Amino acid sequence: MAGIESSDVCVRFAPSPTGYLHIGGARTALFNWLYARHTGGKFVLRIEDTDAQRNTPEAIAALISGLRWLGLDWDEGPAGSVPEGDFFQSQRSGIYARRVEELRKKGMAYEDEGAIRFRMPREAVMIPDLICGEVVRELTDREQEQPDFVIVRSDGKPVFHLVNVVDDMEMGITHVIRGEDHLSNTAKHMALFRAFDIEPPKFAHIPLILNANGSKMSKRDEGASLEAWQQAGFVPEAVVNYLSLLGWSPKDDSEVMTVSEIIERFDLPQINRANARFDAEKMQWVNYEHLRELPLERYRALAEEAGVGLEGKDVEYVDAALSTCQEKVKQLSDLRAFSAFYFEDDYPVDEIFGEKAMTPENRAALAELRDKYAAVKIFDAESLERCLKSVAERLEVKVRVLVQPARFACTGQKVGPSLYHLMSVLGRGEVLARFDRALGKA
RNA sequence: GGCCCGUUCGUCUAUCGGCUAGGACACAGCCCUCUCAAGGCUGAGAGAUGGGUUCGAUUCCCAUACGGGCUACCA
């Protein structure tokens with residue numbers, strides 16, 4: 001793996017907690033984290049909780065749990081969701097006050113109607129950006145009139161631009177990787193860094209994530225909440241994988257990658273400049289690709305989380321059962337229904353399918369199969385298949401005449417795992433019992 | 001309105017002046033087949049528009065159009 005030796009790189013994710021982790025925020029965090037891990041640098045988490053109304057402890061907790069779920073661990077940052085210590089802006093007002101005073105002493109800030117404004121240079125600013133190149137920001141009409149922006153409101157609270165720069169400065173951030181929506185603001189930030197006689201960090205403005213229809217993805221939009229994907233049965237490595245592909249690509253057509261493969265390949269120059277639309281279908285596919293490759297032990301744990309009733313069940317049976325489901329189920333949230341016939345006594349039965357499957361002809365065939373299965377020597381998938389096919393051949397019927405009632409008898413459903421495998425997992429006793437029940441004999 | 005960024009199949013993307021424009025998701029068809037999937041094969045599907053520069057432009061430059069962002073005593 002590349003980039004294990006430590007480097008000077010120090011990046012940060014500085015979200016404002018508003019209730020849950022937004023998919024766009026998650027992607028920004030991810031890119032920062034990937035860059036830190038790739039370069040062997042440091043990843044800092046800083047909570048911008050200056051809005052006491054919205055930044056409740058619950059909101060902070062949701063944010064942190066979202067990052068933890070994704071596996072984006074921070075080298076420096078809060079230990080918990082209680083706002084204490086250096087990584088909460090709400091706890092750093094003394095630092096900001098001192099820095100504002102410094103600017104005032106230098107004559108670079110002044111009071112204006114109770115607020116404090118920063119003396120912004122009156123000319124265009126060149127923003128060197130690792131992704132966008134050298135961006136020349138001209139003054140807007142409004143800025144021509146009033147170029148000096150407020151850094152402390154009249155209620156005494158410092159504004160985003162100020163605290164953001166001060167924190168980056170004090171924390172020794174070397175690379176600011178953030179959404180392109182901040183590109184224009186960067187002129188202000190650079191001026192602030194200069195005013196403090198600090199060389200600005202390198203900037204990398206990453207493209208935004210848009211909705212499927214191309215509009216801006218906002219908090220309320222479908223799929224915007226990371227938590228929603230979590231609850232829908234997506235695995236974090238898949239979400240990480242899919243998100244990494246939005247605005248970045250390894251350039252070699254790789255798509256399904258493990259986290260360490262992504263870390264190895266990730267770098268700033270490969271980031272695109274154009275916004276990307278969020279495609280739920282592709283994310284689902286990525287999820288499926290990861291799901292089917294998971295180690296069984298992990299799959300079992302996720303199954304339990306997904307509400308599959310595994311308690312008290314024999315582990316060997318559980319694993320055998322789940323492995324017949326793993327390559328079929330696309331989302332963990334579907335797993336419970338898909339596997340119910342293995343684990344629940346009153347699993348659901350599709351009566352319509354039952355009527356179609358249990359025709360008189362099929363019943364007779366099933367009865368015949370039952371007797372053969374009672375006698376078959378080894379009750380494994382291969383033997384069961386061979387046996388079923390020979391019965392079909394002798395009766396001169398298509399295999400589906402046997403398969404359909406057998407599937408109905410065993411699972412009650414039209415779709416499910418491979419019939420032969422599922423029967424071998426259920427075991428002879430159970431299969432015969434279910435056959436009998438379907439035949440009305442039990 | 002002003003300022004900034006962007007524009008390759010429906011979507012995510014490859015292409016660093018030579019392209020019969022490649023891959024993936026989704027879609028269609030076929031094959032395989034115990035259901036459903038998966039898998040295999042095939043197909044349809046793109047360089048916003050107009051000017052330059054060049055022997056040659058998807059690639060470089062300019063305009064226009066379209067999309068996005070910013071323009072707060074929000075973050």
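So, a few notes on the structure that sits alongside this text.

Reading guide: rules and limits
- Residues numbered from 1 in each chain as written.
- Chains lettered and ligands numbered in written order.
- Predicted model: local features only at pLDDT ≥ 70, side-chain atom pairs only at ≥ 80, totals over all residues.
- Heavy atoms only, no water.
- Phe/Tyr/Trp six-rings, centres within 6.5 Å; stacked < 30°, edge-to-face > 60°.
- Buried < 20%, exposed > 50% of the residue type's maximum accessible area, 1.4 Å probe, protein only.
- Helix = DSSP H or I, 4+ residues; strand = E, 2+ residues; numbered from the N terminus.
- Lys NZ or Arg CZ within 6 Å of the ring centre and 35° of its normal.
- Expected span 1.5 Å × (residues − 1).
- Contact = heavy atoms within 4.5 Å.
- Near = heavy atom within 4 Å.
- Polar contact = N/O pair within 3.5 Å; in protein donor to acceptor, adjacent residues only side chain to side chain.

Quick look at the packing of aromatic side chains now. If you walk through the whole model with that rule in mind, you get 13 aromatic pairs. When the centroid spacing of 5.8 Å and the interplanar angle of 50° are considered together, the rings of tyrosine 342 and phenylalanine 343 count as tilted. The exposure classification of tyrosine 342 matches that of phenylalanine 343, with both residues buried. When the ring of tyrosine 373 is compared with that of phenylalanine 435, the centres are 6.1 Å apart and the planes differ by 25°; the resulting orientation is stacked. Of this pair, tyrosine 373 sits in helix α15 (residues 360–375) while phenylalanine 435 sits in helix α19 (residues 428–438); the two residues are 62 residues apart in sequence, bridging distant segments of the chain. Taking relative accessible area as the criterion, phenylalanine 435 reaches 0% and is therefore assigned buried. An aromatic cluster is defined as three or more aromatic residues linked by ring pairs; in this entry it consists of Trp229, Phe234, Tyr242 and Phe278. Geometry around tyrosine 288 places lysine 330 over its ring, the cationic atom sitting 5.3 Å from the centre.

Attention now goes to helix α12 (residues 315–326). Helix length check: α12, at 12 residues, gives a terminal C-alpha distance of 16 Å against a target of 16 Å (1.5 Å per residue), a fit within 8%. Residues of α12 that are buried include every one of Val318, Asp319, Ala321, Leu322, Thr324, Cys325 and Gln326, and no others. Where α12 is buried, its residues contact α10 (280–291), α11 (296–305), α13 (332–343) and α18 (419–426).

Looking now at the protein's contact with RNA strand B. RNA strand B sits among 62 residues. The nearest are Arg142, Lys251, Glu255, Arg273 and Lys328. For RNA strand B, the backbone portion of the atoms within 4 Å of the protein, that is sugar and phosphate, comes to 72%. Residue glutamate 113 places a main-chain N or O atom 3.3 Å away from a base nitrogen belonging to RNA strand B. Glutamate 180 has a polar side-chain atom sitting 3.4 Å from a sugar or linking oxygen of RNA strand B.

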